[in-house]
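Per-entry structural report
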Amino acid sequence: MDSIRSASKAAASASLSGPVLREMFIASSTWLDRHAEAINALNVFPVPDGDTGLNLSLTLRSASDGLPADEAASPAEVTASLARGALMGARGNSGVILAQYLRGFARACENQSSVDASLLARMLVAASEAAYSAVVTPVEGTILTVARAAGQAAVDASSTGDVESTLSSALQAAHGAVARTPELLPILRQAGVVDAGGEGLRVVLEGLLRGLRGESVEGPIEAIHARADLSSLHQDADDFFGYCTEVLLQGENLNSSSLRERLSQLGTCVLVVGDDQLVKLHVHTLNPGVVLELATEMGELVRVKVDNMQLQHAEFAQRQATESPGADKSFETKVSTLPGCSVVAVASGDGFAAIFESYGALVVPGGPTMNPSVRQIADAIARADRADVIVLPNNRNVVMAARQAEELASGRNVSVLPTDNLAQGLAATLAVNPEVDADGNRPQMEAAVARCRCIELTLAARDAILDGLEITEGAVLALLDERPVATGGSHPEVLAAALGLLGTQRFELATIYLGELASDSEAPKLANILADRLGVEVETAVGGQPHYPYIISIE
Amino acid sequence: MSSVAIVTDSTSDFTEIHPADLAATVVPLTVNWGRDILRDGIDITTEEFYLRLRTDRDMPYTSGPPVGIFEEVYRNLLDTHDAVVSIHLASKLSGTYQVALSAARTIDAGRIHVVDSTSVSVGTGWLVQHAAELARAERSAGEIVDAVREMIPRLRLTLTLETLEYLQRGGRIGRAQAFLGGLLNVKPVLEVRDGEVRPVERVRTRAGALRRVAEITRRLGPKALVCVVHGACEEDAEAFCGQVAASEGRERIPIAEIGAVIGAHAGPGVLGIASLLAD
């Protein structure tokens, strides 16, 4: 390893070899992991969804994990493997765009045994072009703008013949483009953030440069230039992000309850057990160093264990993807399928998964805060027992990954019905007759989706002004068909306000899906409001979804 | 006196005519309730049945007629008739047809013609009614069987259930199980066709389910006969008749109540449309 590294540094200026590219991407992946949390915070809607940082990071991890360790691997082989890994692991719309970006990057490198400055620039331009073509209606002020700026700057700088300065110019241009995204996209300006996907790409390029220079990607990271409030996100995302920190602490007169109180200001999932001489503490925190400092103040550290939960989670997701049955057969034509139509549905929450499964759908776990990978969706398609498969993404940020999976599934008639939320997804699933083919089912499913309105109640993750709606961090926020429409102090109050915006459509049924955070006493109040205001039957079911205490479908 | 006797079982339901006025012998199935063994239509009427279904803690289960009853009926009828045409509910849903067939073999297979209606309720009833008319017109057993067999593929029955509970308990849900047995409250739309209960659609509300039943029936095209069938929900049925009359372009739609044995499987609140397609 050391010999490669020093060799790579020496040769860096002229051209990049396969192993050097590999190291660069591994470094970039680590660098992106470390920034994922901060990128997540650049969320336009102040609701827990669209975790761009996590999606990009898992996508790049999938790309870099499988890179050939062979020292003779050519840049063409390395980038091809990179593109393939990214495609399989792509999550969320941003992940799919990154995967396409890497695919363009790899394509421009086909048959090449080394990458010089001018080829690197061409690869970055091809990557940008591929990213643009991945999106039906490209929007400026996004990752696309950043990709193009980086490519152009690389071309301009490549005349120096120096790969490092070519990449460095690309990064600088990306930096500037990210900073300008709010000028191009009013919604970013309103929300007071830069574009998360664009920032993600900037971090990827930065990681590549660090990898090329042999700089550490483990050190502290700079804060992102945006009014992003990490503390609010922190509560929503406790289990997936940050560090699980456990300390065995020895001392005298240790005070568990004051320790617990101080830890709860530093993180979530606080657990303090023991007596006044020996205490074990456990906390999920973004800043394990502060926890250790606190512990040292109070006594002597006996044992310390810090786990990066995000990496664990990425590895877990990766392992799941590779170990799940049929993972490697997903591109083969399934030999024996029954006539008719299977449904693959992306769902979050045990309750939703059980409901979907009870109506015969194959469930891919995932949702607003954890978008499934292309591979997970493709695997579910491979498991379907009917000739036709309809994929229900149930989230706008999953649609692109679902479409990628659709393209991968050769030999099967797979199509995506782009459902925006779980309520639409269930309405569509109930409309399916499995013995009829996809074409026969689609009209009924589409009609069911069109009849279904969805109100989601959640907590605002930070302050924002959107569509003239002033949203305060911690307030209850109602989304009507994915748009923030009402905010206030309580769920019943906000629901009532949202119902006022439903229009004159007539409804017969409302279903309240109780999330993890739902309260038993509040649900009947919501049911009464729905029955009174709409004159509908109300059914309550357990959805078990995180972050959204109540998802209400109105049909 | 006509030379052909018509036999059916107590699951056949009739419109416009009382079974007693029908020139057909009705063999009762059995409703077993706690310790009571009740002959359908003899020991328990349809009204009594649904009332008890609502109030009794125990659930009834049903069984086909004993083979001895069929043998006795056939033997007696052949004393006074040349032949018997015996028409029964779908063999895939009840053992009655098999029992009748075995009794026919014992008595006189050449003179007893057993027909599987592949339908239930009014569907079988229409066949029986038509067979009885032909018998009265002194048609031969062969002609009657041919006429009935010609009608069978034209029978349709589309309905919705208030609850799936009874169908599940009775084990007659068949291939509908995987389709319907979900975690949400759905009003299933089912059809009885080719002797099987088939799922058609899952609808979340009864009003929606009834709209679908009427719509599916309308799409079947021109019909010789249409009838609304229900189990213990006369008011709903009457309201639904108006809807069906409009969608079928008919002035008036007859109503028939589904008898005890089918009612024990469909449950109270079953409501739907039986039709005989035009030939």
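Computed from a predicted structure; not experimentally measured. (Residues numbered from 1 in each chain as written. Chains lettered and ligands numbered in written order. Predicted model: local features only at pLDDT ≥ 70, side-chain atom pairs only at ≥ 80, totals over all residues.)

What follows is about the overall build of chain A. Within chain A, the secondary structure is distributed over 21 helices and 18 strands. Scored against the burial criterion, the 555 residues of chain A give a buried share of 54%. The long-range fraction of contacts in chain A, counting pairs at least 24 apart against all pairs at least 6 apart in sequence, stands at 70%. (Helix = DSSP H or I, 4+ residues; strand = E, 2+ residues; numbered from the N terminus. Buried ≥ 20, exposed ≤ 12 C-beta atoms within 10 Å, placed from the backbone. Contact = placed C-beta atoms within 7 Å.)

In this complex, chain B contributes 14 residues to the contact, which on the side of chain A involves 14 residues. Mapped onto the side of chain B that touches chain A, the elements with two or more residues apiece are helix 7 (176–180), strand 10 (196–203) and helix 8 (206–218) of chain B. Classifying every residue of the side of chain B that touches chain A by side-chain character gives six nonpolar, five polar and three charged. (Nonpolar A, V, L, I, M, F, W, Y, C, P; charged D, E, K, R; others polar.)

As a note on interpretation, predicted positions should not be read in detail where pLDDT is low. All names here are of chain A. This prediction gives chain A a mean pLDDT of 83; 85% of its residues lie at or above 70. Across chain A, element-level confidence peaks in strand 18 (residues 550–554) with a mean pLDDT of 96 and bottoms out in helix 11 (residues 230–236) with 29. Counted against residues more than four places away or in other chains, residues 1–12, with its pLDDT under 50, gives nine contacts. (pLDDT = per-residue confidence, 0-100.)

Let us now look at helix 16 (residues 374–383) of chain A. Here helix 16 of chain A lies mainly inside the structure; nine of its 10 residues are buried. Within helix 16 of chain A the residues assigned to the buried category are Val374, Arg375, Gln376, Ile377, Ala378, Asp379, Ala380, Ile381 and Ala382 of chain A.

Our focus in this paragraph is the packing of helix 2 (residues 67–80) of chain B against helix 3 (residues 96–108) of chain B. All names here are of chain B. Their axes nearest at 9 Å, the elements helix 2 and helix 3 cross at an angle of 45 degrees. Considered as vectors, helix 2 and helix 3 are oriented oblique to each other. The two elements helix 2 and helix 3 cross, and the hand of that crossing is right-handed. Taken together, the residues of helix 3 that come into contact with helix 2 (itself represented by Val67, Phe70, Glu71, Tyr74, Arg75 and Leu78) are Val99, Ala100, Ser102, Ala103, Ala104, Thr106, Ile107 and Asp108. Its residues placed into classes, the contact of helix 2 with helix 3 shows nine nonpolar, two polar and three charged. (Axes fitted to C-alpha atoms, helices over the stretch in contact; angles between N-to-C directions. Parallel < 35°, antiparallel > 145°, perpendicular 65-115°, else oblique. Left-handed = near helix turned anticlockwise from the far one by under 90°.)

Before going further, it helps to spend a moment on the environment of threonine 25 of chain B. Residues and elements named next belong to chain B. For threonine 25, the location among the structural elements is in strand 2 (residues 24–27). Considering only alpha carbons, one finds threonine 25 and leucine 77, 52 residues apart in sequence, at a separation of 9.1 Å. Sequence-distant contacts of threonine 25, defined by excluding residues within four places in its chain, comprise Ala5, Val7, Val73 and Leu77.

Here we come to the pairing of strand 10 of chain B. All names here are of chain B. Counting buried residues along strand 10, six of its eight residues qualify, which places the element largely inside the surrounding structure. As judged from the seven bridges shared by strand 9 (residues 187–193) and strand 10, these two strands associate in the antiparallel manner. Within strand 10, the position partnered with lysine 187 by the bridge is valine 203. Between strand 9 and strand 10, which pair antiparallel in sequence order, lie two residues; one of them, aspartate 194, sits at a positive phi of approximately 50 degrees. (Pairing = 2+ DSSP bridges.)

Below, the discussion takes up the nonpolar core. Residue and element names in this part refer to chain A. Val344 and Ile381 are the most contacted members of the largest nonpolar core, which has 245 residues in total. Leaving out residues up to four positions away in the same chain, valine 344 has contacts with Ala361, Leu362, Val364, Ile377, Ala380, Ile381, Ala384, Val389, Val391 and Leu392. If you look at the next biggest cluster of nonpolar residues, it comprises 11 residues, including Leu254, Val283, Val291 and Met298. (Core = buried A, V, L, I, M, F, W, Y, C linked by C-beta atoms within 7 Å.)

This part takes up the sheet that holds strand 7 (residues 338–347) of chain A. Residues and elements named next belong to chain A. Strand order in this open sheet of four strands is 8-7-9-10, and the pairing throughout is parallel. Where the open sheet ends on each side, the last strands, each with one partner, are strand 8 (362–365) and strand 10 (413–416). In this sheet, adjacent strand axes meet at a mean angle of 20 degrees when their direction is disregarded. Taken together, the four bridges between strand 7 and strand 8 define a ladder with parallel strand orientation. For valine 344, the partnering residue across the bridge sits in strand 8 and is leucine 362. Across the face of the sheet, helix 17 (residues 399–408) comes into contact with strand 9 (386–392) and strand 10 while running at roughly 170 degrees to strand 10. Strands in contact with helix 18 (residues 422–430) are strand 7 and strand 9; relative to strand 7, the strand with the most contacts, it is inclined by about 165 degrees.

The next thing to look at is the sheet that holds strand 9 of chain B. Residue and element names in this part refer to chain B. In spatial order, the strands read 10-9-8-13-11-12; together these six strands make up an open sheet with mixed pairing. Each end of this open sheet is capped by a strand with a single partner; those strands are strand 10 and strand 12 (255–257). Direction aside, neighbouring strands of the sheet carry axes that sit 25 degrees apart on average. Bridge analysis of strand 8 (residues 155–160) against strand 9 gives four bridges, and the strand direction is antiparallel. By the bridge assignment, leucine 159 is partnered in strand 9 with leucine 190. The sheet strands contacting helix 8 are strand 8, strand 9, strand 10 and strand 13 (271–277), and the helix crosses strand 8 at an angle near 165 degrees.

Residue and element names in this part refer to chain A. Among the structural elements, aspartate 33 can be located in helix 2 (residues 18–40). You can call aspartate 33 buried: it has 23 C-beta atoms within 10 Å. Note: C-alpha distance between aspartate 33 and valine 204 (171 residues apart in sequence) is 9.8 Å.

The next thing to look at is unusual backbone geometry. Backbone geometry places asparagine 111 of chain A, a non-glycine residue, at a positive phi of 65 degrees. Within the element layout of this structure, asparagine 111 of chain A appears in the loop between helix 5 (92–107) and strand 2 (115–116). Although it is not a glycine, aspartate 194 of chain B adopts a positive phi angle of roughly 50 degrees. Inspection of the secondary structure puts aspartate 194 of chain B in the loop between strand 9 and strand 10. For aspartate 194 of chain B, a count of 13 C-beta atoms within 10 Å gives the class partly exposed.

As a further point, take the environment of leucine 159 of chain B. Residue and element names in this part refer to chain B. Among the structural elements, leucine 159 can be located in strand 8. Spatially, the C-alpha atoms of leucine 159 and histidine 230 are 8.8 Å apart, while their sequence positions differ by 71 residues. Once residues within four sequence positions are removed from consideration, leucine 159 is found in contact with Leu190, Val213, Val229, Val270, Leu271 and Gly272.

Here the focus is helix 5 (residues 141–151) of chain B. Residues and elements named next belong to chain B. Looking only at helix 5, the buried set comprises Ala141, Ile144, Val145, Val148 and Met151. Buried residues in helix 5, looked at end-on, bunch into an arc of 125 degrees, giving them a common side. Turned more than 90 degrees off the buried face of helix 5, the exposed positions are Gly142, Asp146 and Glu150. Among the structural elements, strand 1 (4–9), strand 6 (83–88), strand 7 (112–116), helix 4 (122–136), strand 8 and strand 13 are those in contact with the buried residues of helix 5. (Arc of directions from axis to C-beta.)

Two quantities define a packed helix pair, namely the angle between the helix axes and the distance between the axes. All names here are of chain B. Between helix 4 and helix 5, the least distance of the axes is 10 Å, while the angle of their chain directions is 155 degrees. For the element pair helix 4 / helix 5, the angle class is roughly antiparallel. Once helix 4 is placed against helix 5, the crossing between them reads as right-handed. Of helix 5, the residues touching helix 4 (which contributes Leu127, His130, Ala131, Leu134 and Ala135) are Glu143, Ile144, Ala147, Val148 and Met151. A class-by-class count of the residues in the contact of helix 4 with helix 5 yields eight nonpolar, one polar and one charged.

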